[in-house]
Amino acid sequence: MISSGTLHVISTELTVGMFALSGVAFLLCLLQKGPISREAVAHWALLGGLLATPLAIFTGINASPGDGLDNPLLANKMLLSMTSAGLAIGVLVRRKRGGDVDSRHAGIGMVSVALMLTTAGMGGEYSRSETLLFFVPKDTVFLFPIWASVILIILGLAILGKSAIEHRS
């Protein structure tokens, strides 16, 4: 039987590897260099990393000592990975609807990748007490106040409505 710690390492490496491949392909899209398959690689690798993300999260919570999210660093990892997943879903939905891979699209894909790699770096800080992320606070959890969350929900619904109206035409 595989322990949750070992399964977490496997799922994390799969997630990080797929996101890293996607990031390189999005960078090539941004630079407009490399083979034409860079767009397909960027999106398929992003989808693969997105599909592996829940397994990495659940095994990470099971592998951590305590109740799971009782450490501020783990709460920040959850916040960053969910933000990355949300951006990745947005990039994939836009591409599925026929959006072009312009600099903004590639940039948002790269931001999603950067957030997931930051999450992975924080995992190294939590498990081995070593990371290259010196700028990440170790004892502060970034939570939005309720008013900021409401503004973001309204903004998201407005963007979704605008997109639906544009695609109806």
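Here's a quick rundown of the structure.

So, how was this worked out
- Residues numbered from 1 in each chain as written.
- Predicted model: local features only at pLDDT ≥ 70, side-chain atom pairs only at ≥ 80, totals over all residues.
- Heavy atoms only, no water.
- Helix = DSSP H or I, 4+ residues; strand = E, 2+ residues; numbered from the N terminus.
- Buried < 20%, exposed > 50% of the residue type's maximum accessible area, 1.4 Å probe, protein only.
- Areas by Shrake-Rupley, 256 points an atom, 1.4 Å probe, with all protein chains shown as cover.
- Lys, Arg positive; Asp, Glu negative; His and termini not counted.
- Charge placed at Lys NZ, Arg CZ, Asp CG, Glu CD.
- Expected span 1.5 Å × (residues − 1).
- Salt bridge = Lys/Arg side-chain N within 4 Å of Asp/Glu carboxyl O.
- Contact = heavy atoms within 4.5 Å.

### Here we look at the overall build of the protein
Tallying secondary structure elements over the protein gives 5 helices and 0 strands in all. Counting from the amino terminus, the protein carries its helices and strands in the arrangement α-α-α-α-α. For the protein, the spread of C-alpha atoms along the principal axes amounts to about 55 × 45 × 35 Å. Relative to its 169 residues, the protein shows a buried fraction of 34%. Carbon together with sulfur atoms contributes 70% to the accessible area of the protein, which is approximately 10600 Å² in total. One finds the centroid of the 12 positive side-chain charges in the protein at a distance of 13 Å from the centroid of its 10 negative side-chain charges.

### Brief notes about helix α4 (residues 103–128)
Here α4 contains 26 residues, and its C-alpha end-to-end distance of 37 Å stays within 8% of the 38 Å for a straight helix at 1.5 Å per residue. Looking one or two residues beyond α4, the residue adopting positive phi is Ser129, at roughly 60°.

### Examining the side chain of Arg38
The topology assignment puts Arg38 in helix α2 (residues 38–63). Despite being buried, Arg38 has no salt bridge partner; Glu39 is the closest side chain of opposite charge, sitting 5.0 Å away. Those residues in contact with Arg38 that sit more than four places away from it in its chain are Ala25, Leu28, Cys29, Gln32 and Lys33.

### Considerations on helix α3 (residues 72–96)
The end-to-end C-alpha distance of α3 is 36 Å, a good match for the 36 Å that 25 residues give at a rise of 1.5 Å each. Among all positions of α3, only Leu73, Leu74, Ala75, Asn76, Lys77, Leu80, Ser81, Ser84, Ala85, Ala88, Val91 and Leu92 are buried. Of the surrounding secondary structure, the elements contacted by the buried residues of α3 are α1 (4–31), α2 and α4. Just past α3, the residue Gly98 takes up positive phi, approximately 95°.

### Some thoughts on the pattern of salt bridges
Considering all chains together, one arrives at 2 salt bridges under this definition. Here Glu39 and Arg95 are joined by a salt bridge, their closest N and O atoms 3.2 Å apart. Taken together, the positions of Glu39 in helix α2 and Arg95 in helix α3 put the pair 56 residues apart, joining distant regions of the chain. By relative accessible area, Arg95 is classed as partly exposed at 30%.

Worth remembering: the numbers are spatial, not functional.
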